[in-house]
Amino acid sequence: MSALVAKAEQELSSDRGRTLIVFLRLILAAVFLFAALPKLVDPVSFARDIDNYRLLPDAAIGPLALALPVAEILVGVALLTGLYARGAAVVCGAMLVGFAAGMIQAIVRGIDLDCGCFGHVAEAQVSWWTVGRNMTLLAFSICVALGPDMPLWPLVKKRAPAG
């Protein structure tokens, strides 16, 4: 397994791999920022979406409805700028696993609900498709986490000092 991880890190460090990492970072950043904004604007509706999963105690729903969009924005900004992008990708991946686990338990328990992923801007019923979407985004976040640390805009070549 470690040989596979080492090979992935090597491939992701190439010029083509670095371009891929930036592309995946931008996709993840866009998804997380787009997902966070409607939840931040309407935390009451988002709290209802969380409650519909029938997974958490009532006392946890309100604080989570307020904290999760903030976390999504922080992750999105870190991925967008490249500052702490690898750490943000790990947090992103953990959040995606948590979201997928919530969706899977809802499917298994027969709970029919909107995923709440993007607030009420883009509603989507929880399904194996939404779980698969999260797993695809998880794969992207793993690539970013394994890729080279590239702050800000890494594809811009640094100029040699004049001399």
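Residues numbered from 1 in each chain as written. Predicted model: local features only at pLDDT ≥ 70, side-chain atom pairs only at ≥ 80, totals over all residues. Heavy atoms only, no water.

## Digging into a nonpolar patch on the surface
Taken together, the side chains of Leu37, Leu40, Val70 and Leu74 define a hydrophobic patch exposed on the protein surface, amounting to about 370 Å² of accessible area. Tracing the chain through its elements places leucine 74 in helix α4 (residues 58–81). We classify leucine 74 as exposed; its relative accessible area is 59%. (Patch = residues over 30% accessible without salt bridge, like charges linked within 9 Å, V, L, I, M, F, W, Y side chains within 5 Å. Areas by Shrake-Rupley, 256 points an atom, 1.4 Å probe, with all protein chains shown as cover. Salt bridge = Lys/Arg side-chain N within 4 Å of Asp/Glu carboxyl O. Helix = DSSP H or I, 4+ residues; strand = E, 2+ residues; numbered from the N terminus. Buried < 20%, exposed > 50% of the residue type's maximum accessible area, 1.4 Å probe, protein only.)

## Overview of the packing of aromatic side chains
Taken as a whole and judged by the stated rule, the model has one aromatic pair. Both rings, one in phenylalanine 34 and one in phenylalanine 118, keep their centres 5.4 Å apart while their planes meet at 45°; by these two values the pair is tilted. Residue phenylalanine 34 is located in helix α2 (residues 15–41), and its partner phenylalanine 118 is located in strand β1 (residues 117–120); the two are separated by 84 residues in the primary sequence. (Phe/Tyr/Trp six-rings, centres within 6.5 Å; stacked < 30°, edge-to-face > 60°.)

## With respect to the packing of α2 against helix α6 (residues 128–146)
Running from N to C, α2 and α6 cross one another at 130°; their axes reach a closest spacing of 9 Å. Classified by the interaxial angle, the pair formed by α2 and α6 is oblique. Crossing hand, α2 versus α6: left-handed. Along the contact surface, α2 presents Ile21, Leu24, Arg25, Ile27, Leu28 and Val31, while α6 presents Leu137, Phe140, Ser141, Cys143 and Val144. Per-class residue counts for the contact of α2 with α6 are nine nonpolar, one polar and one charged. (Axes fitted to C-alpha atoms, helices over the stretch in contact; angles between N-to-C directions. Parallel < 35°, antiparallel > 145°, perpendicular 65-115°, else oblique. Left-handed = near helix turned anticlockwise from the far one by under 90°. Contact = heavy atoms within 4.5 Å. Nonpolar A, V, L, I, M, F, W, Y, C, P; charged D, E, K, R; others polar.)

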